[in-house]
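Structural characterization, general
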Amino acid sequence: MTDEAQIPEQILNNKNKHSVRCDYCFSLMLKPQLGEYVEHEFELPLMQQKHRKNNESIETELMKNFWCIDDIFTFENIGFSNTVDNRKFLICADCEMGPVGYHEVANKKCYVALKRVRHGSEPDAVMEPVTDDEENDA
């Protein structure tokens with residue numbers, strides 16, 4: 001997740017300076033310099049609905065900073081929800097976490113919220129849990 005204070009350092013020539021990755025599984029979604037930085041307001045559903053009392057109310061978060069991608073084939077890895085109100089929500093195609101942004105069906109543009117993704121290279125190592133057998137071998 002990119003903090004709002006870190007947003008200016010993610011932009012170079014009004015494009016994404018670094019790779020854009022899933023915040024959960026680190027899967028590469030977008031290579032550097034392929035998303036254009038845009039600012040507009042959009043109510044994006046929360047990744048986890050915490051206080052839903054009925055199926056009709058969806059909790060949202062106001063997002064203002066996006067990478068705009070003109071062609072869906074620019075992505076390295078992205079998934080799409082079913083169409084809702086002429087939009088599709090974007091998710092990680094590997095771990096299915098999201099939404100990380102949305103796709104406007106009418107103009108075919110995608111918007112990835114900077115706060116919903118990680119910027120930079122994949123971590124050097126992801127710690128795997130140690131099994132009882134591995135502890136006994138040590």
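Everything here concerns the structure above.
Small disclaimer: the values here were computed from a predicted structure and weren't measured.

What about the overall build of the protein chain?
For the protein chain, the count of helices and strands is 1 helix and 11 strands. Each helix (α) and strand (β) of the protein chain, taken in turn from the N terminus, gives the series β-β-β-β-β-β-β-β-β-β-β-α. Out of the 138 residues in the protein chain, the part that is buried amounts to 36%. For the protein chain, contacts bridging at least 24 residues in sequence account for 52% of all contacts bridging at least 6. For the protein chain, the accessible area works out to roughly 8,800 Å², and carbon and sulfur atoms hold 45% of it.

A closer look at a nonpolar patch on the surface
A contiguous nonpolar patch, built from Ile72, Phe73 and Phe80 and spanning about 310 Å² of accessible area, is present on the exposed surface. Locating phenylalanine 73 in the fold gives a position in the loop between strand S6 (60-69) and strand S7 (79-80).

A look at the nonpolar core
Counting 18 residues, the largest nonpolar core has Met29, Trp67, Ile69, Phe75, Leu90, Val100 and Val112 as the members making the most contacts within it. Of all elements in the fold, only strand S3 (20-22), strand S4 (28-30), S6 and strand S10 (110-113) reach the threshold of two or more residues within this core. Contacts of valine 100, omitting those with residues within four sequence positions, involve Met29, Leu44, Met47, Ile78, Leu90, Ile91, Tyr111, Val112, Ala113, Arg116 and Val117. Residues Val38, Leu44, Met63 and Ala113 belong to the second largest nonpolar core, which totals 10 residues.

So, the environment of glutamate 41
Position of glutamate 41 relative to the elements: it lies in strand S5 (residues 36-45). Between the alpha carbons of glutamate 41 and phenylalanine 66 there is a distance of 9.3 Å; along the sequence they are 25 residues apart.

Description of the sheet that holds S3
Hydrogen bonding along the main chain pairs the strands of a sheet, whether they run parallel or antiparallel. Read from one edge to the other, the open sheet built from 3 strands follows the order S4-S3-S11, with strand pairing classed as antiparallel. Sheet topology places S4 and strand S11 (117-119) at the edges, where each strand pairs with a single neighbour. Between one strand and the next, the sheet's axes are offset by a mean angle of 45°, whatever the strand orientation. Bridge analysis of S3 against S11 gives 3 bridges, and the strand direction is antiparallel. Following the sheet pairing, valine 20 is matched in S11 by histidine 119.

What counts and how
Residues numbered from 1 in each chain as written. Predicted model: local features only at pLDDT ≥ 70, side-chain atom pairs only at ≥ 80, totals over all residues. Heavy atoms only, no water. Helix = DSSP H or I, 4+ residues; strand = E, 2+ residues; numbered from the N terminus. Buried < 20%, exposed > 50% of the residue type's maximum accessible area, 1.4 Å probe, protein only. Contact = heavy atoms within 4.5 Å. Areas by Shrake-Rupley, 256 points an atom, 1.4 Å probe, with all protein chains shown as cover. Patch = residues over 30% accessible without salt bridge, like charges linked within 9 Å, V, L, I, M, F, W, Y side chains within 5 Å. Salt bridge = Lys/Arg side-chain N within 4 Å of Asp/Glu carboxyl O. Core = buried A, V, L, I, M, F, W, Y, C linked by side-chain atoms within 4.5 Å. Pairing = 2+ DSSP bridges. Axes fitted to C-alpha atoms, helices over the stretch in contact; angles between N-to-C directions.

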